[in-house]
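# Overview (structure and organization)
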Amino acid sequence: MYPHERSLVNSMQSRPFSLLGVNNDEEISVVSKAVKENELNWRSWIDGNSGPIVKDFEIRSFPTIFLVDHKGVIRYKNLRGAKLDHAIELLVTEAEQDGAKGGIVVSPPKLRRFVDKTGKHKIMAKFESFADGEVTLVKSSGEKSILPLDSLSQKDQDYLEKGGYLEETADISVATASEAGESRVFTDKTGKHKVSATFVKLDGNNVTLLKEDGSNVDLPLDKLCEEDQAYVKKAAVEEKAADEE
């Protein structure tokens, strides 16, 4: 598949498309050799044969191909040949119609814990914009904080730089529901009511979700189906752990 993938990356350079690879070899030297010998022109990560990516995505065979749209939703899996090309064209066109630009596609910002250089001040927020050396962060409540980039910890500065967010307000507004994290369909206990949204926070028994149109939904945790209740509880624990690090 390498020749086709190289050609695909080259032909899509001016459009909102990124090809990302995950290698399951154990040795970095093997991965480096493969990248060089096969002239891979896309980013590739080493995950090992039982790494977190393989586990989280439940990979059973290689290669496994996921097509993710500009909102962070997995739309297709394991397409090949003409079907793969057609699906890519469809998703890229959708992204362009929503205003996405060509070049490097910036991942939607997620709610995370930002820390200042002293380590004393922390804030759970998501990145909104960068201009004139200052970063604008937004809490789940909508409250904004504007602070100098160099006042953040080096870890957070690296996160923003590697994520492509420091291009003087890069085009990241193409995402809405996936901004706070993973987008999914939440279902109530009856199975009759569903909403496509992302988890924002759990406060006692009250769950806040962010819909695709940017509006919030507040509802009791016990109104959700058991699977979604478990998902929310896990997400809340992970968020709390990140905040306490």
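Right above here is the structure, for reference.
All of the points below concern the structure found in this document. Computed from a predicted model, the values in this text were never measured in an experiment. Residue numbering note: each chain is counted from 1, following its sequence as written. At least 70 in pLDDT is required for a residue's local features to be given in this predicted model, at least 80 for side-chain atom pairs to be given and counted, and no such filter applies to totals for whole chains, interfaces and linings, which use all residues. Heavy atoms throughout the structure, all of them, feed into the side-chain values; hydrogens and water do not.

### Details of the nonpolar core
Here, the term nonpolar core denotes a set of buried Ala, Val, Leu, Ile, Met, Phe, Trp, Tyr and Cys residues that are joined through side-chain atoms within 4.5 Å. With a 1.4 Å probe rolled over the protein chains alone, any residue whose accessible area is under 20% of its type maximum counts as buried; one over 50% counts as exposed, and the rest are partly exposed. Core analysis: the biggest nonpolar cluster contains 13 residues, and F127, V135, L137, L149 and L160 have the highest contact counts within it. Those elements that provide at least two residues to this core are β6 (122-131) and β7 (134-138). Secondary structure elements are defined from DSSP: runs of H or I of at least 4 residues count as helices, runs of E of at least 2 residues count as strands, and each element is numbered from the N terminus. Among the elements that take part in this core, β6 stands out by supplying four residues, more than any other. Contacts: residue pairs with any heavy atoms within 4.5 Å of one another. Ignoring anything within four residues of it in the chain, the contact list for L149 reads F130, G133, E134, V135, Q157, L160 and L166.

### Quick notes on the packing of aromatic side chains
Two rings from Phe, Tyr or Trp (for Trp, the six-membered ring) form a pair when their centres are within 6.5 Å of each other. A pair whose planes differ by under 30 degrees is stacked, one over 60 is edge-to-face, and the rest are tilted. The full count for this structure, using the stated rule, is three aromatic pairs. Both rings, one in F114 and one in Y159, keep their centres 6.2 Å apart while their planes meet at 70°; by these two values the pair is edge-to-face. Linking F114 in strand β5 (residues 112-115) with Y159 in helix α5 (residues 154-162), this pair joins segments that are 45 residues apart in sequence. Judged by relative accessible area, Y159 falls into the partly exposed class, the value being 23%.

### Let's talk about helix α4 (residues 81-97)
Helix length check: α4, at 17 residues, gives a terminal C-alpha distance of 25 Å against a target of 24 Å (1.5 Å per residue), a fit within 8%. Taken together, the buried positions of α4 are L84, A87, I88, L91, V92 and A95. Looking straight down α4, one finds its buried side chains confined to an arc of 130°; they lie on one side. The exposed residues of α4 that point more than 90 degrees off its buried face are A82, K83, H86 and Q97. What a helix is expected to span follows from its residue count: subtract one and scale by 1.5 Å. Arc definition: it is the arc formed by the directions from the helix axis to the C-beta atoms.

### Here we look at the pattern of salt bridges
The salt bridge criterion pairs a side-chain nitrogen of Lys or Arg with a carboxyl oxygen of Asp or Glu, the two atoms within 4 Å. What the rule picks out here adds up to nine salt bridges. E94 serves as the salt-bridge partner of R75, at 3.0 Å between the closest nitrogen and oxygen. Here R75, found in strand β4 (residues 74-77), pairs with E94, found in helix α4; they are 19 residues apart in sequence, far enough to count as distant. Given the relative accessible area of 34%, R75 is considered partly exposed. When the shortest N-O distance is used, the salt bridge between K139 and E143 registers 3.6 Å. Relative accessible area serves as the criterion here: at 29%, K139 is assigned to the partly exposed category. Its relative accessible area of 44% is what places E143 among the partly exposed residues. Where salt bridges share partners, they join R15, E89 and E96 into one cluster.

### A closer look at the environment of L224
Relative to the helices and strands, L224 is located in the loop between β12 (216-220) and α6 (226-244). With a relative accessible area of 3%, L224 lands in the buried category. When near neighbours in sequence (up to four residues on either side) are disregarded, L224 contacts F186, T187, D188, K189, L219, Q229 and V232.

### Quick word on a nonpolar patch on the surface
Patches were defined on residues exceeding 30% relative accessible area and lacking a salt bridge, with like-charge contacts within 9 Å and nonpolar side-chain contacts (Val, Leu, Ile, Met, Phe, Trp, Tyr) within 5 Å. Residue-level accessible areas treat just the shown protein chains as cover; the underlying method is Shrake-Rupley with a 1.4 Å probe. There is a patch of nonpolar side chains on the surface, built from L20, V22, W45, I53, F57, V68 and I74 and spanning about 610 Å² of accessible area. Mapped onto the elements, F57 comes out in the loop between α3 (52-56) and β3 (66-68).

### Considering the pairing of strand β1 (residues 20-23)
Burial along β1 is one-sided: G21 and N23 are buried, while L20 and V22, pointing the other way, are not. One bridge is not enough; two strands pair if DSSP finds at least two bridges between them. Judged from the four bridges that link them, β1 and strand β2 (residues 43-46) form a sheet pairing that is parallel. Opposite N23, over in β2, you have I46 as the bridge partner. Look down the strands so they point away from you; if the path from the first strand over the helix to the second goes clockwise, the crossover is right-handed. Regarding the hand of the β-α-β motif, the stretch spanning β1, helix α2 (residues 28-37) and β2 is right-handed.

### Examining the side chain of R15
Within the secondary structure, R15 is located in the loop between α1 (2-11) and β1. On the basis of relative accessible area, R15 is assigned to the buried category, the value being 18%. At 2.8 Å, the side chain of R15 forms a polar contact with the side chain of E96. Here a polar contact means two N or O atoms within 3.5 Å. Within protein one must be a hydrogen donor candidate and the other an acceptor candidate, and residues neighboring in sequence count only if both atoms are side-chain atoms.

### Describing the sheet that holds β5
Adjacent strands of a sheet pair through backbone hydrogen bonds, lying either parallel or antiparallel. Reading across from one edge, β5-β6-β7-β8 is the order of the four strands in this open sheet, with antiparallel pairing throughout. The sheet is open, and its two edges are formed by β5 and β8 (144-148), each paired on a single side. Adjacent strand axes in the sheet meet at a mean angle of 50° when their direction is disregarded. Bridge count between β7 and β8: five bridges; the pairing is antiparallel. Among the inter-strand pairings, V135 is bridged to a residue of β8, identified as L147. Axis lines are fitted through C-alpha atoms, for helices just across the contact stretch, and the angle between N-to-C directions can take any value from 0 to 180 degrees.

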